[in-house]
Structures are given as C-alpha cells and as structure tokens.
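Spelled out, the chains give:
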Amino acid sequence: MAPDADFKNIWLVCLWMQVVWSLDEVVLLNPPEEPLPDYLLQILYSCDEPAAVQLDCIVSFEIGTVSTFLLRNWSCVPGERVIKTTRLNLPDWLVYQADGVVPDSQWVLSCILRASVRSRGLSDSERSIRAQDVASVQPKPFFSRPCKRHKLCFAWCKQMLQLTPKFLQRQCPFEQETVQILTTIFASTGENFGVTKTLEPFRNEFLEYVRLKNNLFPWCMISFWIFLTSHCKQNLCGLFYHIDSQNNYVTPTVLLKQTGHLHIQMNGESEESSAFLSLFTVPLNQWCQISLMLEGRKVKVSMACLNRTIQVSEHVFGHAILFDDTEGYFVVGGGKFIQGAEGYFGPVVYNRNKISAQKQSETVIPDVIKSLNLTGWLQSCQEFREEMVTKIKGFLLKKKQRIGLETGFDISHPWMGKKELPPNSQCEPWEKTAPHRKKAVDLAMLLVFKYGEKVSLEAVSKALYSLSVQRLSRASSIAVVSRMLPLLLQAGCLGDNGALHMSSVLYSAGLGVQKQPVKAWLLALLAAQKDDRLALLHLGYMHHQGRHGLPKDPDLAYAYYSNIAKQTTLDRHNHTLQQSFVEAVYLNNEEALNLQTREDHHIFQWLKHQAQRGAADAEQTIARMLFWGQQGLSPNIQEAVKHYRRGAVQLEDPVSMYDYGIVLLQGHGVDKDIQKGLTFLKKSMDQGFVPAITALAWYYEQYEHDYRKAVQLWEKADLLGCPDAALNLGVIHSLGLFPGKPASQYMAYTYYLKSANRGQIRGAVHLAEVWATGIPGNVTRRPSDAVLWVKWAAEQNGYLGRILRKALDSYLLSDMFSSLLYYVIAAESGYAPAQFNVAYLCEQNAGRFLDPAFAKHCMWTYYNFTIQSENSDTYALIRMGDLLYEGHGSRGRDLFFAAQMYTQAALKGNPQGWYSLGLLAEDVYRLPLSILSKLGLSKLYMADNSLLQTALFQRCRDSDIADSYLPCSLALFKVFLQSFQKEYSDSFKFLAAVAVVAGPTVLVIIGALRRRVLSLN
C-alpha cells in the first residue's frame, strides 16, 4: 500500500503545479448584484484534462453559521475555453418572501457565488479544486423581496399555515396613531434643559390624509404626568410646548405660572396667538396627570392627581387653531428659550388623530411611576427630617441647660465607634431613637454641643456623609459597604446629594450590597433633580445605553448630558480645589503610571530644577500641573500663577505670557489687571503664539466692542487652526454681530462643527444644540450624534476628574478597595477608562480583597462596558474574548463572539488579537466567513486550516510591536512542524517500513562478510 500512497502524493504535487501554472480556468462573467429569480448566468471555463465544473452558493447567517449549497455541476472536456449560459436557481428562501411553501430562514449576512473546476476521483475537499472564481451577491431584506408566483394552487394546509402568527407577525408593523413621547421619568432641575422630540408624517396614505385635513381643525389629545417640587420662580416655566421652524411657540403650548396655574396657548393660520389660564393650580409633591384635548376650536385641559377628583377647564378660541405636528419640535421641560419646571416628568402620550375616552372614576397610574415609588421615599424622608429637627432642638435645649457633655467633639470622636454613649441620669421622650438611626442622632448631638445653633439638617447630612466616606476609605474589603449604606441613605435623605449619588452607584454596581436597579435609578433621579453633576452624568449614561431596563433614549440622555456639559464649560472658568483635570490613565499602562508625581516626588523636583535653570517647557509644565491639578498634584492656583509670571517675565516664553495674560484678565489666583494682561497677550502674539490672537480678539469684543477688529483677529487665528477662534466666529454669526452680515445659524453651525472637531468643549456643546433640533432646510436633526458630543464634553468635568484623581492616588498607595470604590463611581457614569480600570482591578484582585465570583462577574460587566465605548481599548477586547472563550457560570463558551473580540483587537493593531485568532483556528474552530472577510482573508475560508493559521501568525509576527515577534514566530514554527508531519507522514511510514525490512538483511550481509574476512585471516 505504501507505493500507492507515494504515487498519490506525487499525483497531488503535479496537480498543485497545474493550478499554480493556471492550466485550468473558470470565470463568472455576469454575476448578479442581488439574488434574482431565473437569472441567466454566463460562466467561462476550460480544463487541461477531464474534470467537473461546479457552481455553489455559500451563505453566512447572523448566528455565525455558514452553509454551502450546490446549484449545478457538469463535465469539462479538455480543449478551447467555453462560455456556458445557465439559469441561476438560488434557494427560494434567499430570493422570495416566506409564504408557507417558500420556507423561512435565518437572517442572511452575506452570499457568495463560487464556480470551480474540480478533479474527478477525489473527495469533495479543497484539494479537488483546480481553479475557482467567486462573486459577492448582496442579499435583500425580507420585506424587499418579491413574492413567488406559484404555478400550482395552494393546498388548504398551506393556506391555513399562512394565517398563523409565524407569518402574520412578519408583516410590516402597523403605524400607531398613539405616540409615546416620553416613556419613563425625567428629573428636571428647573433650568434650560429638557427632552426634545420630533414627529414624522405617516407612511400610511390614509392616516397622513387625515392628519393634513385636521391641521386647521385638530382633533387630538396630549397627556403628561408631572411631580412638582417647587413652584415656578419665573413668570413662566416650561412643561410641554411646541416650537416651529421660526422659533415661535405654536400649538400646543402648556406652561406653568408662578401661581401654579397652567398657561395654555394656541396659534392660528394667520400667525395670531391666544391663550387662557386654567381655573385650577398644580399642587406640589404629588403626581398629577395633565390632559389637553383639542376639539376643533375648543380646548379642554384636565388635571387628575392621586386621591383627588378630576379638575377641568375649557376654552373656545375665536379663531381656527393651526396644528401641524411635523413642523418644528416638541419639548418636555426646559429649552433654549425658557426654563423648565422643577420636579419630575412622567410618561407623555400623544394621540395624533383621536381623543381617548376619559374615565372620570379613576386615574390609571403608569407602571413606571408605581415601581419607582418616589412618593414613598419622600414621605419617609420627611418623617426622618422632622424627627431630626425635633432632636436638634432638644439637644440645643440640653446644651443651654448645660447637661454634662463637653463641647470639644468632632465626627471622629471615639464615641462614634461605640454602640452606647456614656449613661445619662435622665432621658427625655424625644431622645428615643430607632437603632438604625442612632448613629445619625449621635452625630447630630455632637455637632450641636460643638457648634450650637449653627447646626442644621444640611450640616448633619454633610457630616454624616463625611463620616461614611471616611469609614469606607479605611476599609479593606467590600463587607463594610453594607454597614455604611444606611448612613449614606440617611445623609442623602437629609439633603446631601453626594450621598444620594454614591448610594445609587453602590446599588447599581452591586458593590458590597445586593444589586437593586430600581432603587439605584430612584436615588440617581433624586440627586440629579438637585443638579448633582455626577448624578446627571450617571442618568445620561443609563439612557444612552439603556441600562437596568431603562429605555434607550438619545433625546433623554441628551437632556442630562447637556446639563453637565454646560456646567463643565462654566466650571473651567471657575476653577476650585474640588476639581481636577480629567486624565485618562489606564492601570495597565506603566508608562502613564510612572508619570504620576507629587510635590516631593523626584519627577516634580527635577522639573523645578529645570525650570530654575531657565527651561521654559519645564516652567509651563509645572504651572499647568499646579493650576489644573494634573499628574498627581493637588490644585494650587496661587502657586501656578507664580510660575506663569516667572515664565512670562523672566523667560519671556510666549506660552507663559499667554497663560499669565489670561489669569490677569480673568483674575484667577491674582488681582484682575486688564491692561497688564493685555500687554502680555500682545507680546505673546508678536512671537506667533496663535491662542494669544484669539484672546486679544476676545478683549476687543468684550471690552471695546470693536467687532470688526475682533473678527479680523479671529479669522486670522481660525486659518491657523485655533479651536477658540472658530467657536467665537460661530457665536458672532449666531448673534448677528458679524460686520456687514445678517445673523446666520447655518454659518454659526459650520464654525461650531470646526471648533468641536478641534477639541473645543463649548464648540461641542453648541454643535450638539444644533443637532438636537436641526436647522430647517440646512441641517437635519441628529440626536444620536448630539449625544456623543455632549457626553464627551460632560466627561471633561473637573468634579469627575477629582473622583478619578482620588481613585488613582489610592491605587498608587496600594489601597485597592478605595481605588475600586472611586473608579466604580466614575465607571457607572459611563467613563470608559474608569470602566476599564474597574475590570482590571477585579481581574488583578490584589490581596484577594474581592470574592472570586464577584471579581469574575465584575470583569464580565465592566470589560463589556469598555468595549462598547467609541474607542474601545484593545486589552479589554482581548480579555472579553478570553472570557467568552472560557465561559462563566450559566454562560457557556461562545467562540463566535470571542472571535469577534479578537478580530476587533487585531484590526486595531494589537498582535494579541491575531495570536488569539490563530489559537482559535488551532482549536479546530472554523472561523466564520464574515470574520475572515473583515480580516481580508476570505480567500482562506475553504483553505486548509494550517494555511489559515500561518496567515494569522504571520500577521502577528509582522506587527509593529516588537514584543510579539518571538511568541508569534514560535507559534508559526509549530504550525510549520505540524504541516510537515501531516504532509510527509506517509513517506515517513514507508521509510520506516523499509528500514524495518532492510535492517536485518543488511546485518546478515555484514555478518557474512565479517565471517569471510575472519576465515581468510
């Protein structure tokens, strides 16, 4: 059998040489672009010896599987090239809609036609292919495919099958006349931030006809839920209103008066507007449903609060009411032109062409309001607040009576760690306290005896929060969290928003406590409504990603993000010690960690030494680090100004002169001196420093109102790529202050776009404002893109930077729990580097301070969050791929998604991605065609596995990262050895057999010769 095997190997080598020298040929001359019925396909082919021509269809599905379907095959006779025309009979489920006879299919990702010339007499494998050609066919969506006209009548059973839900549910969705403008709860701070929505015309011709017909005789209904925490502080506050393309209030507009009455405004066809006030007022601190019914010229507004009768007001307008709901946009809460009401907005429902029947007997409370139980929390908080007020008054009375307690205590007094205070001879009835509130009461007593009448609920809440954070920072494991959480909740109840937000984060992440998404959402809403920056960031992320079962709503996410983004622009001009510069430091980046310093660190001392020797760059770096609190330094604005002054005055450095001029103009850390600041800015500009040109233009605009001079300087700086110049030119165009030109929102938009792309935060905020509403006729509305810009701007906030700095400092001090706690706070706000660091800390689990099961779940969660960011880290992609490969708990191994993670990492330039893909291929896993196409290796889909491994490991070896060369080369060598052994195993067996047979014979001959020589001797 060995000679036959050798002959077959030699024949295969000859066949391979024929393929290499292209002695066989096949070409698809006119492949279709999409699956078509009865398509005539032309194929050119030739062969050098008798063979077979085969036409296949290779289909990849969304679930990761790939199937090959044989369409046709025929014989090839050696000779001249032949063009064959054949009818392309693709599978019906790929061409037509499913109808009971045509079967249904999985979602098709790609389709490839393959024509090949194959040798006869060999198995159906890649070795039999002598020549091939492929063409991509783009599959059509299900509803875009034609219905097949069957030649025979349907059987009764097939007709019944078409009536089953399986087919009825595949129809295009029916257009609803009821629009859910807001499906969840929005926390309104009472500022110029709200939820913006637009509506499109009906696709259904009849519904659109009815809508247009009713524009001058509207017959519709709008209802929304509102929970007011405060009456309007201005003349009017926004509830629900409609803005047209000319920025006018149009039908319908519902605003809130200072008195609590509703202001309802409608406009007519001739641009006339009329309004009326409701006869009732909206109460505080309870959920109420406001319903607005438009019945031609009659408008009826009703209010239904919990446990109250429905109140109604009606008004008949003297003119026709014009209402085109596709014109402009709707706003819930505050907007560009009006501040919103303070409180919470619930679901908003709009019936476009009808008025639903109102039940006077009862009000149906939405499930989202029931599950949140906002009223229950506020009621229990109010009881606790009243109890604490009583106790504070009692302690003040005791102090006046000088009952035996000293006054020199603080929140870290030794008594605070004990269960009992020293016994008193008397105990008043008001001193009785529930055990879970005893710590708060004891702390209030200590504060009263130290500070007297200055103590308030807010002071107690801050002290309680500080005590909780202090205890948490001293902890070495997450077990302490469950003991500190009641104190945090009590501090939040008494008014500390930071405590509310931290409690929300702990419940959201399940760090040391059972995960409770609804409670986490409630606490975040409470803190965000009080304008807590990090809570706003947290809620924006929740609705941007649809976390914890909340709806994924870019408009609602924008409402939260835009608030903190606007505050970020203001915070950067009002720098405080509670802020730090946001630095994206990854804990696996040793180079970035080594750059962190302190005042007594050798790096900072070296910089000071260089600055003293006259190095301008060192002087700039020290000043920047001290001003913004970068690289581990605490902010010290006064000290930073000294370095700005030294660089500007002594070194005459243009950058330092610019920075010093700015702090003089704005009075940061130094007395404001405009003329002196102007002098340094001019010197900096004369040395060619571009930002100084922009600063001078700002001076001419703000102080001398010389817009022509300001614009000239800004245009000069803009041509040099200055982001601030582009921003200011956009503002000038928006306000109509550009000399000789009218106001142009579109021109302003072009400059905002330019400024944002250059990294200007205010430019990004202005750009997002344009994309949130659009500019009619010029810029379409892009809410998803608007969210990304305000999210980026919000993540530059200095208060977030302070949390990140605390986390990094704790890590550098090997305080892993505190580092994890602060990184979790930032991670739950959606900041991708913090999410990565949380997962990394859980992965390292230094000192085993985390339970292994929690650590594994933590890695799954936060590496998964990290890879969903805009610029996902490749290390996170690799680790997520490893987790998917290994499986966890109820999650089994998912090799398809693991391969996707490795592919993304490889395409981002990480050689570990190529290496891991090679290991997957070595693990006898066939990489899907969709993945190979992304990698540019689709031609190897049907190739031998060793060829695919070789290609993957070669790309790993040839990457720009030097550390990958050795391991990838070893892996490549291993593949070579395996291929060598596989290819020549038959030859090795033959040689071994020859050696076994020939060995004894040779020994006999040698023995005989030896005996003959001996005999001759």
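Residues numbered from 1 in each chain as written. Predicted model: local features only at pLDDT ≥ 70, side-chain atom pairs only at ≥ 80, totals over all residues. Heavy atoms only, no water.

> Teacher, can you tell me more about the state of the cysteines here?
Think of a disulfide as a covalent bridge from one cysteine sulfur atom to another cysteine sulfur atom. Summed over all chains, the structure comprises six disulfides. Here Cys47 pairs with Cys76 through a disulfide, and the sulfurs are 2.2 Å apart. Looking along the S-S bond of the Cys47-Cys76 disulfide, the torsion reads about -110°, which is the left-handed sense. One end of the pair, Cys47, is in the loop between strand 2 (39-46) and strand 3 (51-61); the other, Cys76, is in strand 4 (residues 66-76), and 29 residues separate them in sequence. For the residue pair Cys47 and Cys76, the accessibility class agrees, reading buried in each case. (Disulfide = S-S within 2.5 Å. Helix = DSSP H or I, 4+ residues; strand = E, 2+ residues; numbered from the N terminus. Buried < 20%, exposed > 50% of the residue type's maximum accessible area, 1.4 Å probe, protein only.)

> Before we go on, may I ask you to explain the sheet that holds strand 15 (residues 273-281) in this structure?
Adjacent strands of a sheet pair through backbone hydrogen bonds, lying either parallel or antiparallel. Across the sheet, six strands lie side by side as 10-19-12-13-14-15; this open sheet has antiparallel pairing. The open sheet is flanked by strand 10 (194-197) and strand 15, the only strands paired with a single partner. Strand after strand, the sheet turns through a mean of 20° between neighbouring axes, direction not considered. The pairing of strand 13 (residues 249-257) with strand 14 (residues 261-267) spans four bridges and is antiparallel. The residue bridging Val254 from the neighbouring strand is Ile264, located in strand 14. (Pairing = 2+ DSSP bridges. Axes fitted to C-alpha atoms, helices over the stretch in contact; angles between N-to-C directions.)

> Just checking my understanding: could you explain the layout of surface pockets for this structure?
Leftover empty space is mapped by rolling, across the atoms, a probe with the size of a water molecule. Empty space within the second largest pocket amounts to approximately 1600 Å³. Taken together, 44 residues form the lining of the second largest pocket, with Arg572, His573, Tyr658, Asp724 and Gln760 sitting closest to its centre. Residue assignment for the lining of the second largest pocket shows that the elements contributing at least two residues are helix 14 (554-571), helix 17 (616-628), helix 19 (654-666), helix 21 (690-702), helix 23 (723-735) and helix 25 (761-773). In terms of residue class, the lining of the second largest pocket is made up of 25 nonpolar, twelve polar and seven charged. (1 Å grid on protein atoms, 1.4 Å probe; cavity = no way out; pocket = protein on both sides within 12 Å on 5 of 7 lines; lining within 4 Å. Points joined across faces, edges and corners; volume = space filled by probe spheres on them. Nonpolar A, V, L, I, M, F, W, Y, C, P; charged D, E, K, R; others polar.)

> Is there a simple way to think about the pattern of salt bridges in this case?
Pairing of side chains with opposite charge becomes possible as their charged atoms draw close. Within this structure, the stated rule accounts for 32 salt bridges. Its salt-bridge partner being Arg118, residue Asp56 comes within 3.6 Å of it at the nearest N-O pair. Of the two residues, Asp56 sits in strand 3 while Arg118 sits in strand 6 (residues 108-119), which places them 62 residues apart along the sequence. Classification of Asp56 by relative accessible area gives buried; the value is 1%. Arg118 sits in the buried class, given a relative accessible area of 6%. Between Lys391 and Glu387 there is a salt bridge whose closest N-O contact spans 3.9 Å. Of this pair, Lys391 and Glu387 both sit in helix 7 (residues 374-400), four residues apart, roughly one helical turn. Residue class for Lys391 comes out buried when judged on its relative accessible area of 2%. Through salt bridges that share partners, Glu208, Arg211, Asp324, Asp325 and Arg352 make up one connected network. (Salt bridge = Lys/Arg side-chain N within 4 Å of Asp/Glu carboxyl O.)

> Sorry, what's going on with the packing of helix 29 (residues 832-844) against helix 30 (residues 852-867) here?
When two helices pack together, their arrangement is given by the angle between their axes and by how far apart the axes lie. Here helix 29 crosses helix 30 at 155°, and the two axes come no closer than 8 Å. If you check the angle between helix 29 and helix 30, you find them roughly antiparallel. Crossing of helix 29 against helix 30: the hand is left-handed. Contact residues: Ala832, Gln835, Phe836, Val838, Ala839, Tyr840, Cys842 and Glu843 in helix 29; Ala855, Cys858, Met859, Tyr862, Tyr863, Phe865 and Thr866 in helix 30. (Parallel < 35°, antiparallel > 145°, perpendicular 65-115°, else oblique. Left-handed = near helix turned anticlockwise from the far one by under 90°. Contact = heavy atoms within 4.5 Å.)

> Sorry if this is basic, but what is going on with the environment of Ala748 here?
Tracing the sequence through the fold places Ala748 in helix 24 (residues 745-757). Remark: the alpha-carbon pair of Ala748 and Gly736, spanning twelve residues in sequence, is separated by 9.8 Å. What Ala748 contacts, discounting residues up to four positions off in sequence, is Gly730, His733 and Ser734.

> I keep staring at the sheet that holds strand 2 and nothing clicks. Help me out?
The sheet built from three strands is open, its strands ordered 1-2-5 with antiparallel pairing. Only two strands of the sheet have a single partner each, and these edge strands are strand 1 (25-28) and strand 5 (82-88). Here the average twist between neighbouring strands, direction ignored, is 25°. Here strand 2 runs beside strand 5; their pairing, made up of seven bridges, is antiparallel. Across the sheet, Gln42 pairs through a bridge with Thr85, a residue of strand 5.

> So what exactly am I meant to see when it comes to the confidence of the model for the protein here?
Keep in mind that low pLDDT regions are not for reading the predicted coordinates in detail. The pLDDT averaged across the protein works out to 85; a share of 87% of its residues lies at or above 70. Across residues 1-8, confidence stays below pLDDT 50; counting only partners more than four residues off in sequence or on other chains, it has five contacts. Counted against residues more than four places away or in other chains, residues 10-20, with its pLDDT under 50, gives 15 contacts. (pLDDT = per-residue confidence, 0-100.)

> What exactly am I supposed to notice about the packing of helix 22 (residues 707-719) against helix 23 here?
Here helix 22 crosses helix 23 at 140°, and the two axes come no closer than 8 Å. Comparing the axis directions of helix 22 and helix 23 gives the class oblique. When you trace helix 22 past helix 23, the crossing you get is left-handed. Each of Tyr707, Val711, Trp714, Glu715, Ala717 and Asp718 in helix 22 lies in contact with helix 23, whose residues at this interface are Ala725, Ala726, Asn728, Leu729 and Ile732. Its residues assigned to classes, the contact of helix 22 with helix 23 comprises eight nonpolar, one polar and two charged.

> It is not clear to me how helix 10 (residues 481-493) should be interpreted in this structure. Could you clarify?
Note on helix geometry: an α-helix contains 3.6 residues per turn, so any two residues three or four positions apart are oriented the same way. Between the first and last C-alpha of helix 10 there are 18 Å, a value that for 13 residues agrees with the 18 Å anticipated at 1.5 Å per step. The element helix 10 is largely enclosed, with a buried count of ten among its 13 residues. Looking at helix 10, one finds that the buried residues are Val481, Met484, Leu485, Leu487, Leu488, Leu489, Gln490, Ala491, Gly492 and Cys493. Lining the buried residues of helix 10 we find helix 7, helix 8 (438-451), helix 9 (457-473), helix 11 (497-509), helix 12 (517-529) and helix 28 (816-827). (Expected span 1.5 Å × (residues − 1).)

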